[in-house]
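What follows is the residue order along each chain.
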Amino acid sequence: MSGSPDEEKLEELRQQKMEQLQEQAQGQQGDAGQEAAQQQAEAQKKAVLRQHLTDEARKRLNTVKMSKPQFGEQVERQVVTLARSGRIQGKIDDEKMKQLLQELKPDSQSFDIKRR
């Protein structure tokens with residue numbers, strides 16, 4: 001009879017280990033699904049930008065993203081939002097992109113130093 005409680009404990013430990021493994025597998029599947037959703041959203045964003053920006057405007061935006069990643073992302077989100085709301089007629093060319101960047105540019109303080 002002493003073997004029976006040990007077997008029960010062993011079976012209980014096996015059951016717990018199986019539950020842990022199943023939870024880990026579900027967590028990994030959730031991560032993969034979330035990553036796939038992010039990749040799909042990124043692909044849609046790039047498609048919208050390709051559709052609504054000329055080559056020169058895309059180059060300018062990429063240059064901005066290289067120097068100021070957060071600002072570049074903000075501009076991209078703005079362009080995608082405008083495109084999805086239907087407020088963009090035609091394509092945004094380089095001049096329109098300059099204007100958009102100027103409007104969205106954070107106010108920078110300028111310092112005038114005068115020497116006497």
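Analysis parameters
Residues numbered from 1 in each chain as written. Predicted model: local features only at pLDDT ≥ 70, side-chain atom pairs only at ≥ 80, totals over all residues. Heavy atoms only, no water. Domains from an automatic or database assignment. 1 Å grid on protein atoms, 1.4 Å probe; cavity = no way out; pocket = protein on both sides within 12 Å on 5 of 7 lines; lining within 4 Å. Points joined across faces, edges and corners; volume = space filled by probe spheres on them. Helix = DSSP H or I, 4+ residues; strand = E, 2+ residues; numbered from the N terminus. Nonpolar A, V, L, I, M, F, W, Y, C, P; charged D, E, K, R; others polar. Axes fitted to C-alpha atoms, helices over the stretch in contact; angles between N-to-C directions. Left-handed = near helix turned anticlockwise from the far one by under 90°. Contact = heavy atoms within 4.5 Å. Core = buried A, V, L, I, M, F, W, Y, C linked by side-chain atoms within 4.5 Å. Buried < 20%, exposed > 50% of the residue type's maximum accessible area, 1.4 Å probe, protein only.

Engineer: Could you clarify how one ought to interpret the domain arrangement of the protein in this entry?
Structural biologist: One frequently used descriptor of interface size is the decrease in accessible area upon assembly of the parts. Parsing the protein into structural domains produces domain 1 (1–41) and domain 2 (53–105). A separation of 46 Å is found between the C-alpha centroids of domain 1 and domain 2.

Engineer: How should the layout of surface pockets be read in this particular structure?
Structural biologist: One water molecule sets the probe size; rolling that probe over the atoms shows where empty space is left. Within this model, the largest pocket holds a volume of roughly 250 Å³. Forming the boundary of the largest pocket are Gln 78, Leu 82, Arg 87, Ile 88, Gln 89, Lys 91, Ile 92, Lys 96, Gln 99, Leu 100, Glu 103 and Leu 104. Going through the elements one at a time, helix 3 (69–85) and helix 4 (94–104) are the ones with two or more residues in the lining of the largest pocket. Among the elements that make up the lining of the largest pocket, the one with the highest residue count is helix 4 (five residues). Across the lining of the largest pocket, the residue classes tally to five nonpolar, three polar and four charged.

Engineer: Explain the packing of helix 2 (residues 55–67) against helix 4 here, please?
Structural biologist: Think of two packed helices as two axes; the pair is described by the angle between the axes and how far apart they sit. Where helix 2 contacts helix 4, the two axes come as close as 8 Å, and the packing angle between them is 35°. Here helix 2 runs over helix 4; the crossing is right-handed. The segment helix 2 lies against helix 4, with Glu 56, Ala 57, Arg 60, Leu 61 and Val 64 engaging Asp 94, Met 97, Lys 98 and Leu 101. Here the residues of the contact of helix 2 with helix 4 sort into five nonpolar, no polar and four charged.

Engineer: So what exactly am I meant to see when it comes to the nonpolar core here?
Structural biologist: The tendency in soluble globular proteins is for nonpolar side chains to be buried as a group. Ranked by size, the top nonpolar core spans 18 residues in total, and within it Leu 53, Val 75, Val 79 and Met 97 carry the most contacts. For this core, the secondary structure elements donating two or more residues are helix 1 (3–52), helix 2, helix 3 and helix 4. Looking at which element gives the most residues to this core, the answer is helix 3, with six residues. Other than its neighbours up to four places away in sequence, Leu 53 contacts Arg 58, Leu 61, Val 79, Lys 91, Ile 92 and Met 97.

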